[in-house]
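Below, each chain spelled out in residue letters.
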Amino acid sequence: MESPDARNGVQLDAFRPRPPLTAGNAKVAHGGFDEPGYDNCSGYGSRVASLGSDALSAYETLDPPPHYDFYGKTEVYGRQKRFRPSLFQLHNDPKDSSPPIYEETNAEQITGEDSSEDEEEQKEPPLEPTRFGWIHGVMIRCMLNIWGVILYLRLPWITAQAGIGLTWVIILLSSCITGITGLSTSAIATNGKVKKGGTYFLISRSLGPELGGSIGLIFAFANAVAVAMHTVGFAETVTDLMNEHGAVMVDRINDIRIIGIITVTCLLGISMAGMSWESKAQIVFFFLIMLSFASYIVGTIIPATPEKQAKGFFSYKADIFATNFVPGWRGPEGSFFGMFSIFFPSATGILAGANISGDLKNPAVAIPRGTLMAIFWTTISYLIISATIGSCVLRDASGLLNDTLLPTTSSEDCVGLACQHGWDFTECIANTTCPYGLSNYYQSISLVSAFAPLITAGIFGATLSSALACLVSAPKVFECLCKDKLYPFIGIFGKGYGKNEEPLRGYLLTYVIAACFILIAELNTIAPIISNFFLCSYTLINFSCFHASITNSPGWRPSFRFYNKWLSLLCSVICVVLMFLLTWWAALIAFGVVFLLLGYTLYKKPEVNWGSSVQASSYNRALKQCAGLNHVEDHVKNYRPQCLVLTGPPSSRPALVDLISCLTKDLSLMICGNVVTAGAPPSVVQEASSESHVTWLNKRKVSSFYRGVVAAELRTGANMLLQGAGLGRIKPNVLLMGFKTNFSSDTPQAAHDYIAILHDAFDLRYGVCLLRMKEGLDVSQSSQSHVNPGFDGGPEAIHTISSPSHFQTTNTSFVPIEADPQRSSVFQKKQGKKTIDVYWLSDDGGLTLLLPYLLTRRKRWARCKVRIFVGGDADTKEEQKQEVIALIKKFRLGFHDVEVLPDIYQSPQPESVHQFEKTLDRFRLHTNPKQDCDSGTASQQGDSWRITEQDLERNRAKSLRQIRLNEVLKDYSREAALIIITMPVGMKGVCPNTLYLAWLDYLSRDLRPPVLLVRGNQENVLTFYCQ
């Protein structure tokens, strides 16, 4: 066939799709396939826009090119959001206006219908919140948070203790830990779009709400307390300056409290003014620190004055560098780990940028680049300062100008390196009373500086910037945690205000917490807990990266590739070790809080699904264990009744679900099967595969799988489940069904098919159980039906499948399907001191005995007494009883009450026989005696459910036995909690299905207790051997 071309008037170029809209050009008002020739797919039933020519219909298509809107969750101002057409729209005839319920449509697609109205009302674009780049938002913020008072007041002292060499080792080791954590953070931050919530968001979306929620709460609290720590450090410096000039308000402790409260109040005002003001303040602090660094570097180059030489500063000297390169341990803290524990908190703060992830222009780019650059430059600054100050300043100096080396003093009497530079500090060195030098004077950087007030300004900038960063980080993290609603009573703090969604309530809460800890006014008391909480966060970040990598989940695709899962694991272990090395009691507190919150989250099981690596790991473990079972041979000792329960919709037969759950919970497999029958529209598939059934089971706390199938008839669907349910060796071996109580009023073919399912199960070597209750099992309303025909369903339920009352399409508002009610059943209650009567009339392999044993292991059945009834002769009744007791004892089931019933072999009452025969009337084949034998045979073959006189005569003994058993059951088990009886087996080809069903019906008829008919597959499920 000739292709249409320009000669035929068809312009194919008109149908060329526009380039797909990407995130980069998402602000374009029109594009993609919202042009002539392409449908915007915003509603079901909309077709391709007509171009005014019938010839063009061959080129109309709903199948669009890739588009950014199909994957994004956010909308762009100025245009309507586009949606990918559903498979139903592409696959089905457009004339079909009834899409199935199972067609999934997300909420954005539905709300997109009204977007045009919103655009008309919204004349101006929404205000764009303040967003920061990687330098301003992450790098500078992290650098300010890393630099602190330890840089100015403790690094020179650490250099004197550990020497320049080991100080570099301490710095590099700390930087390795923070660097690896930064790499892990970068990997997690680039594995998808990062929203606000910072560290909590990264951990919770990677490890799930259990660990994410616990670490998020303590991390937010740690940041709040860190505000107090940095503010107290600032207040101590101010107090010391006041003391030097003789200015005291009350006393030292109260002065720190007063200055601290005033300072944190001012910082609160800056924070609540908005992120723009906070960022401007950070720039000022950064500028002050840079000036202090410049003043220090210049000071190391300027020749030392006599006053500075008296205090140990001699500018750069090779011999001073050589002496200070090796350790000079002093005091109880004089060790490598002692110095490391003091220095490491100064290397923390790398998460300051990630904590404001919601305020970054592009978090996936800003967090890796800014965090790693901040770690690099702060590490360089620490190395330079430790090396330079160790090359310029002695460890000990007196500070006295008179301690110059006299010409009369011999070099042998002068002690210390100062002797080579014309100074004699022998006396204070000998007495260990030197007030100056690296080992004694914490303000050595101020001493070296060209202008000492700039160092004080740097200390102010470092402490205030760190306090401000923590004051902003804590509410941001806490706001995200509150919005996720993992914990009670904190939702009030999740409300945001303004264009930036500022958590003003969170700011106030952080302020209150910080103010309480400022009142302690003791830096050494606050710091240990802070460091351990931060280390705990680093531990989980590294473990998150490792765990996400080791699960090999296809969803783990970080664009940042420069990480290693084993390094992340190593760093996670090192962080745990450091927690206990720094302060063991604070580490115990941190882990205690984490496990307490973890236990609460595991108990509450919040309804969130973030696609965490824990979920991926669960799948991997389950898959590996299932595959591993292929190498394990079946053994009778490991037999478990793995149940396929034909419940229909599980909510329609709660009693059946509850009883089988008692048998299988935490023990074996349970699958609820639902067969949807008759010629139903495509929408009925949703009823078979709807997630609402699983939700109902979960709310009922039933450990069960659910499987729904659509079949032409019940037997076909049941066969599908019998042969296809399960995975590997985890597959059902027992079929459980509700008893067909309406068989006498139902069609004979339905009764025939019902029994055919039992024969199919026996052919597949299944055990079979039937549950019958006097009040019936089906509690569903007729309007809800797809009740499986044959399971307590009335005649109207056989071929009727009601149309769904609610369905969702792309052009209708979303109406959620109502959850099925949780109706109670008798098997949910405690059974008390009743009996479970077991009629072990035939040996089926032991399943009849195993099921009551499993029931009595449950609390609600534990007080029930199990009575075993067996048939026997009156003459040897006692001997048979002892034999059965001995056999049961070998099985270790704990059943001791055994009774032999010789009267089960007696003839039944004539009234009972007459009633049974009356039940069979509608199924019997009434032949004309004058009719030819061949015609009778043909009639019987046409109606296989018919019962002939030959069938009745051939099975007369078995029929009378079932009638008599019903009389015995009424005599012995009227008050039982449950009757379990071995189910008779009807031989195929010998016993018609309708006759077999009549046996089962009469056997369990008119009994008040629930009756469970059980028949194993004639293979042992019990053994008294140990191998």
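Cut-off values and rules
- Residues numbered from 1 in each chain as written.
- Predicted model: local features only at pLDDT ≥ 70, side-chain atom pairs only at ≥ 80, totals over all residues.
- Heavy atoms only, no water.
- Pairing = 2+ DSSP bridges.
- Helix = DSSP H or I, 4+ residues; strand = E, 2+ residues; numbered from the N terminus.
- Axes fitted to C-alpha atoms, helices over the stretch in contact; angles between N-to-C directions.
- Contact = heavy atoms within 4.5 Å.
- Buried < 20%, exposed > 50% of the residue type's maximum accessible area, 1.4 Å probe, protein only.
- Right-handed = clockwise from strand over helix to strand, strands pointing away.
- Parallel < 35°, antiparallel > 145°, perpendicular 65-115°, else oblique.
- Left-handed = near helix turned anticlockwise from the far one by under 90°.
- Nonpolar A, V, L, I, M, F, W, Y, C, P; charged D, E, K, R; others polar.

Draft legend 1. View of the sheet that holds strand 2 (residues 670-676). Pairing is mixed across the open sheet formed by ten strands, whose spatial order is 3-2-1-4-5-10-9-6-7-8. Each edge of the open sheet carries a strand with a single partner, namely strand 3 (705-710) and strand 8 (897-901). Direction aside, the axes of adjacent strands within the sheet are offset by 20 degrees on average. When strand 6 (residues 835-839) meets strand 9 (residues 978-982), the two strands line up parallel, connected through four bridges. Considered in strand 9, the bridge of Ile-836 is made with Leu-978. Those strands touched by helix 29 (residues 877-890) are strand 7 (865-871) and strand 8, and its axis lies near 140 degrees from that of strand 8.

Draft legend 2. Representation of the pairing of strand 5 (residues 767-772) in the model. In terms of burial, strand 5 is largely enclosed, as six of its six residues are buried. With burial as the criterion, each face of strand 5 is covered, one bearing Gly-767, Cys-769 and Leu-771 and the other bearing Val-768, Leu-770 and Arg-772. Relative to strand 5, strand 4 (residues 734-738) runs parallel, the two being bridged by five bridges. In the sheet register, Met-737 faces strand 5, and the bridge partner there is Leu-770. Regarding topology, helix 27 (residues 748-763) serves as the crossover connection from strand 4 to the parallel strand 5, and that connection is right-handed. Bridge analysis of strand 5 against strand 10 (residues 1011-1015) gives five bridges, and the strand direction is antiparallel. The partner of Arg-772 across the bridge, within strand 10, is Val-1011.

Draft legend 3. Molecular detail of the packing of helix 10 (residues 275-301) against helix 14 (residues 363-392). Running from N to C, helix 10 and helix 14 point in directions that differ by 30 degrees, and their axes come no closer than 11 Å. As the angle between them shows, helix 10 and helix 14 are arranged roughly parallel. The two elements helix 10 and helix 14 meet at a crossing, and its hand is left-handed. Listed contacts from helix 14 to Phe-293, Tyr-296, Ile-297 and Thr-300 of helix 10 are Ile-384, Ile-385, Thr-388, Ile-389 and Cys-392. Here the contact of helix 10 with helix 14 is built from residues that sort into seven nonpolar, two polar and no charged.

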